[in-house]
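Survey of secondary and tertiary structure
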Amino acid sequence: MKFGPSPPEEAVGCILAHKTKLPDRMLKKGHLLSAEDCRLLAEQDHQQIIVARLEPGDINEDQAAARLGNSASGVGVSPDTAFTGRSNLYADVNGVLVVDPEAIAAANRIDPAITFATLPNFSRVAAHRMVATAKVISFAVPEALVEKAGKALRGAVGVAEFSPRKIGLVATQLPHLKSVTMDKTRRVLEDRLKPSGSQIVGELRVPHTEEAVSEAIRDLLDMGADFLILFGASAVVDRYDVLPAALEQAGGTVDQFGMPVDPGNLLMLGNLTGVPVLGAPGCARSPKENGFDWVLDRILAGLTVTPEDVTAMGVGGLLMEIGTRPQPREKKQQSRTPRIAAIVLAAGKSSRMGGPNKLLAQLDGKTLIRHASEAAIGAELAQTIVVTGHLHDKVGGSVNDLDIKIVHNPDYAEGMAGSIRTGVDALADDIDAALILLGDMPRITSRDLRKLVEAYLRDETCLIASATSHGKRGNPVLWDKRFFADLKSLSGDIGARHLIATNPGFVSEVEIGDAARLDLDTPQALHDAGGTLPDRDS
């Protein structure tokens, strides 16, 4: 191909390099110039135009891209019609993208005009998602180069389709692990399984002992499970800890413990009579992507996962931002007095109240939301934000005379995470930490909040200060700004408890008594506390 200026009258059959205006229309870049086009360009006093002129053996960009896309498409992938030198490849099915990196690199090294790009290898993809693109940069390329690139790319991009599995779930129990946390863990796992159509055929909650876990494993196999997932109440911290020891006691093998993906380091991969077994790291209780997803997806797609596969996951395996994953003893770097804010969550629908909005209930002559808001103001913080949702006009109206900022979460029905995101987004740029309070905990006082702040200020390694009641964690919780990105990435009604569980080295527990766990969720609980419900339309 020759590229450069040409008089219009000599450009018939050439490709226009730049869009050019005619009196009645615009000639687009890549337009194949006709004799009439060239005559009009000459009449418009265009002395020269920039064109591409094909030489013998050249093929145009769309033909070249189409051939590359067709060649690269393997099982589960289809190319779209080539346009402007681009052929996009789409997944035909839900599954895991499987790419031949060496083939892609070989094709991209043939000529700078030939490019091929894909999503990351082993990405989870949904049907109809674009997974790769062939782009020919110049208007034409020699057919011989396209033929060479096509051979290199042959079948290089495919999608291993998910297939439904029968999941057996073992969840161990210890006194500190609440049943509500285990329930949420199961829901998060079920969401992960949905794209494959897999279902949990049995869940056994057993003591955190080798014998109990081993027996549960065998029971789930008897129930027809063809994939076992183990969640420990306590993290697996050694190759011979409870979960790996239980798997071996049941007759299985531990193929790999530990992976170079963070979060996800403490994953266990094993096998029992051909049935894959995954020991889930603690971060798998969260819906946020972690190393557990990388291995789970491959198994659900029927791909073999070897220790070599796991140990090769280090490049790209740092999934958590450095700013929110400091070293355990790293100190806060502060050159001034930290500015701390409060976020009061007041968006829920109060469904367990049977109709009225509990935040508008009266207790000691004040609404519940006013109790929480005044406690935050009394703690003399830099900023107080109230996040409203359900009946936001009435909830906001009950506190709008206070020195607060009211923000509305329009997606409040999706769960607490959306309200946390809304609150964090509303923080001033110079805020160093934020207390997150629940609007229905009226016995939390300004003094309680100051105790959390004092713990944060006193301990240079404290990045999370959690209120406790008789040794059990409750609310509120203070979060250093290093966790703001994680808080904004939450989804659903899971909350942020998993961040505390996966960052124990940064947590200070602050005992404040019964108020930390007094949650007025039901009419009886409100009545017992001395409160009264508003009207049903409130």
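What you see is a predicted model; the values in this text were computed from it and never measured. (Residues numbered from 1 in each chain as written. Predicted model: local features only at pLDDT ≥ 70, side-chain atom pairs only at ≥ 80, totals over all residues. Heavy atoms only, no water.)

Another aspect to go through is helix H10 (residues 368–378). Counted residue by residue, H10 has eight buried out of 11 residues, so it is predominantly covered. Within two residues after H10, glutamate 380 carries a phi angle of roughly 55°, on the positive side. (Buried < 20%, exposed > 50% of the residue type's maximum accessible area, 1.4 Å probe, protein only. Helix = DSSP H or I, 4+ residues; strand = E, 2+ residues; numbered from the N terminus.)

Our focus in this paragraph is the sheet that holds strand S2 (residues 15–16). The sheet built from three strands is open, its strands ordered S1-S5-S2 with antiparallel pairing. The two strands at the open ends of the sheet, each matched to only one other strand, are strand S1 (2–6) and S2. Note that S1 and strand S5 (residues 49–53) share five bridges and pair antiparallel. Bridged to proline 5 within S5 is isoleucine 50. (Pairing = 2+ DSSP bridges.)

With that out of the way, let us pick up the packing of aromatic side chains. Taken as a whole and judged by the stated rule, the model has three aromatic pairs. Consider the rings of tryptophan 479 and phenylalanine 483, whose centres lie 5.9 Å apart with planes at 65°: the pair is edge-to-face. Grouping residues by exposure puts tryptophan 479 and phenylalanine 483 together as buried. Measuring from centroid to centroid gives 6.4 Å for phenylalanine 483 and phenylalanine 506, while their planes differ by 55°, and the two rings are tilted. Taken as a pair, phenylalanine 483 in the loop between strand S28 (472–480) and helix H14 (484–488) and phenylalanine 506 in the loop between helix H15 (497–501) and strand S29 (507–511) lie far apart in primary sequence, 23 residues in all. Comparing phenylalanine 483 with phenylalanine 506 shows no difference in burial state: the two are buried. (Phe/Tyr/Trp six-rings, centres within 6.5 Å; stacked < 30°, edge-to-face > 60°.)

The sheet built from four strands is open, its strands ordered S7-S8-S12-S10 with antiparallel pairing. The open sheet has two edge strands with one neighbour each: strand S7 (77–79) and strand S10 (114–118). Ignoring which end each strand starts from, the neighbouring axes of this sheet average 15° apart. Here S7 runs beside strand S8 (residues 86–91); their pairing, made up of three bridges, is antiparallel. Counted as the bridge partner of serine 78 is tyrosine 90 from S8. (Axes fitted to C-alpha atoms, helices over the stretch in contact; angles between N-to-C directions.)

Time to look at the nonpolar core. A general trend in soluble globular proteins is that nonpolar side chains are found buried together. Judged by nonpolar contacts, the single largest core of 63 residues is most densely connected at Leu427, Trp479 and Leu487. At seven residues, the largest contribution of residues to this core is made by strand S21 (residues 340–346). By size, the runner-up hydrophobic cluster in this structure holds 32 residues, among which are Ile59, Ala113, Val131 and Ala149. (Core = buried A, V, L, I, M, F, W, Y, C linked by side-chain atoms within 4.5 Å.)

The next thing to look at is helix H13 (residues 446–458). For H13, which comprises 13 residues, the first-to-last C-alpha distance of 18 Å matches the rise-based estimate of 18 Å (1.5 Å per residue) to within 8%. By the burial criterion, the buried members of H13 are Ser446, Asp448, Leu449, Leu452, Val453, Ala455 and Tyr456. (Expected span 1.5 Å × (residues − 1).)

Glancing now at the pairing of strand S27 (residues 464–469). Most of S27 is tucked away: six of the six residues are buried. Residues Ile464, Ser466 and Thr468 point to one face of S27 and Ala465, Ala467 and Ser469 to the other, with burial holding for every one of them. Taken together, the five bridges between S27 and S28 define a ladder with antiparallel strand orientation. Bridge pairing links threonine 468 to arginine 473 in S28. In textbook terms, the turn of a hairpin is the stretch between consecutive antiparallel strands, and for S27 and S28 this stretch comprises two residues, one of which, histidine 470, has a positive phi near 55°. The sheet contact formed by S27 and S29 spans five bridges and is parallel. Paired with alanine 467 across the two strands is valine 510, which belongs to S29.

In this section: the confidence of the model for the protein. The predicted model of the protein averages 90 in pLDDT, with 95% of residues at 70 or higher. Here residues 321–330 is a poorly scored stretch, pLDDT under 50, and it has 23 contacts once near neighbours within four places are set aside; other chains count. (pLDDT = per-residue confidence, 0-100. Contact = heavy atoms within 4.5 Å.)

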